[in-house]
Amino acid sequence: RRIALVRELMTLAEKIKWQITALLRISRLDAGMVDFDIEDIEMSRVIDEAYSLIEIPLDIRCVSFERSYQKNSKVTADREWLVEALGNILKNCMEHSFEGGKILVSCEENALYSSVSSEMEYKSESVGIGLALSRSIITQFNGTIKVTSEVGQGTSFDIRFYKAIV
């Protein structure tokens, strides 16, 4: 019993550590204290990297992951921070999907913005600190995030990165 309690405490301590780190990152972003490595990034690469962060847990939870890309859909941002933002969103989708559920991710680009959309069936109305961090990161790169949830229909995340207008 003691071993089980120690393991549970270690798991909870790791979660608290992650939450503190996320709060510190949000604070640094909001204070403008982050130096970004800005580049043009293919959205397919960002999605693939974010997916790799949750690939094994998705398999364990029996949640399928489907993606579709528009060729050459790009965004101007810091790749590592953007992967973290999208990874947090996908992690949230995975954690709140039904066993046997499906997460659909697509990206496209038009003259006004590049977008990433994620759709899934959601079993909970929980909103964690990871989504707040994702929002802070996305807004740093001239982006917006919109979450739509309808009981029995699922939840969708729509992220748009607007292009500079000359």
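Conventions used here
- Residues numbered from 1 in each chain as written.
- Predicted model: local features only at pLDDT ≥ 70, side-chain atom pairs only at ≥ 80, totals over all residues.
- Heavy atoms only, no water.
- 1 Å grid on protein atoms, 1.4 Å probe; cavity = no way out; pocket = protein on both sides within 12 Å on 5 of 7 lines; lining within 4 Å.
- Points joined across faces, edges and corners; volume = space filled by probe spheres on them.
- Helix = DSSP H or I, 4+ residues; strand = E, 2+ residues; numbered from the N terminus.
- Nonpolar A, V, L, I, M, F, W, Y, C, P; charged D, E, K, R; others polar.
- Pairing = 2+ DSSP bridges.
- Axes fitted to C-alpha atoms, helices over the stretch in contact; angles between N-to-C directions.
- Contact = heavy atoms within 4.5 Å.
- Salt bridge = Lys/Arg side-chain N within 4 Å of Asp/Glu carboxyl O.
- Buried < 20%, exposed > 50% of the residue type's maximum accessible area, 1.4 Å probe, protein only.

A.B. asks: Kindly report on empty space enclosed by the protein, identifying the contributing residues and their values.
C.D. replies: The full count for this structure, using the stated rule, is one cavity of 30 Å³ or more. Here the largest cavity is characterised by a volume of approximately 30 Å³. Elements that contribute at least two residues to the lining of the largest cavity include exactly helix H3 (79–95) and strand E7 (154–162). Ranked by the residues each element gives to the lining of the largest cavity, the list is headed by H3, at three residues. For the lining of the largest cavity, the residue count by class is eight nonpolar, no polar and no charged.

A.B. asks: Tell me about the sheet that holds strand E2 (residues 64–69), and name the residues and values.
C.D. replies: The five strands are arranged E2-E4-E5-E7-E6 in an open sheet whose pairing can be described as mixed. What marks the edges here is a single partner per strand, and that holds for E2 and strand E6 (143–150). Each strand of the sheet is rotated relative to its neighbour by a mean of 10°, with strand direction disregarded. Strand direction decides the pairing type here: strand E5 (residues 113–120) and E7, joined by eight bridges, are antiparallel. Opposite Tyr 113, over in E7, you have Tyr 162 as the bridge partner. The strands touched by H3 are E2, strand E4 (102–109), E5, E6 and E7; relative to E7, the strand with the most contacts, the crossing angle is about 170°. In the packing of helix H4 (residues 129–140) onto the sheet, the strands contacted are E6 and E7, and the crossing angle to E6 comes to about 145°.

A.B. asks: For the layout of surface pockets, give the residues involved together with the corresponding values.
C.D. replies: Empty space within the largest pocket amounts to approximately 380 Å³. Lining the largest pocket are 15 residues, with Trp 18, Gln 19, Lys 91, Glu 95 and Ile 129 sitting closest to its centre. No other element matches helix H1 (residues 2–30), which puts five residues into the lining of the largest pocket. Of the voids in this model, the second largest pocket is the one considered here, and its volume is about 230 Å³. In terms of lining, the second largest pocket is formed by Trp 18, Leu 53, Ile 54, Pro 57, Arg 61, Glu 84, Gly 87, Asn 88, Lys 91, Met 94 and Glu 95. Take the lining of the second largest pocket: its biggest share by element is six residues, from H3.

A.B. asks: Just give me the short version of the pattern of salt bridges, but keep the residues and values in it.
C.D. replies: All told, the structure shown has nine salt bridges when counted by the stated rule. A salt bridge links Arg 79 to Glu 49, with the shortest nitrogen-to-oxygen separation between them at 2.5 Å. Taken together, the residues Arg 79 in helix H3 and Glu 49 in helix H2 (residues 43–60) connect sequence positions 30 residues apart. Between Arg 79 and Glu 80 there is a salt bridge, with its nearest N and O atoms 3.9 Å apart. Note on Glu 80: relative accessible area 59%, which makes it exposed. Overlapping salt bridges, with partners in common, bring together Arg 45, Glu 49, Arg 79 and Glu 80 in one network.

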